[in-house]
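So the chains spell out like this:
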Amino acid sequence: MLRQLLNVAKAVHDMHKASNDLRRARQINNVVKHQLAQVAAALPAIPATNAVVDREAVEAVRASTAGQEPGRPVGSMLPPTFGQAKNHATTRSGTTRPDIER
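The rules behind the values
Residues numbered from 1 in each chain as written. Predicted model: local features only at pLDDT ≥ 70, side-chain atom pairs only at ≥ 80, totals over all residues. Heavy atoms only, no water. Helix = DSSP H or I, 4+ residues; strand = E, 2+ residues; numbered from the N terminus. Buried < 20%, exposed > 50% of the residue type's maximum accessible area, 1.4 Å probe, protein only. Areas by Shrake-Rupley, 256 points an atom, 1.4 Å probe, with all protein chains shown as cover. pLDDT = per-residue confidence, 0-100. Salt bridge = Lys/Arg side-chain N within 4 Å of Asp/Glu carboxyl O.

Caption draft 1: Just the overall build of the protein chain, in detail. Helix and strand counts for the protein chain stand at three helices and zero strands. Reading the helices (α) and strands (β) of the protein chain from amino to carboxyl end gives α-α-α. Residues counted as buried form 1% of the 102 residues belonging to the protein chain. For the protein chain, the computed accessible surface area is about 10400 Å², with 61% contributed by carbon and sulfur atoms.

Encoded structure:
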């Protein structure tokens, strides 16, 4: 029974410590947000600019990709293990499947 009382006392202590940690984290968060808002308010406003399209660069990209083949699908280059290959090549009766070349 004394052990259980000690466990409860430790749990209450841990709970109070976690509560203090949470309160401190919230204080830090509020201070940082407040200071960040002050810095953002002090920054000068920058007008938005329209994106400038470089026609020469667009033409260079188009010319460089004009003769390329489409990409290959991603997959494993390794064959299946021997046991899997053997199971795929023959049916349960031992005959070879017609869709697999040998």
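Caption draft 2: Representation of the confidence of the model for the protein chain. Chain-level pLDDT for the protein chain is 79 on average; 68% of the residues reach the 70-or-more range. The weakest mean pLDDT in the protein chain belongs to helix α3 (residues 82-89) at 57; the strongest belongs to helix α1 (residues 2-42) at 93.

Caption draft 3: Representation of the pattern of salt bridges. Taken as a whole, this structure holds two salt bridges when the rule is applied. A salt bridge links D14 to K10; the shortest N-O distance between them is 3.0 Å. Of this pair, D14 and K10 both sit in helix α1, four residues apart, which is roughly one turn of that helix. We classify D14 as partly exposed; its relative accessible area is 37%. A salt bridge links R62 to E59; its shortest N-O distance comes to 2.4 Å. Taken as a pair, R62 and E59 lie in helix α2 (residues 55-65) at a separation of three residues, close to a single helical turn. A residue is classified by how much of its surface remains accessible, and E59, at 40% relative accessible area, is partly exposed.

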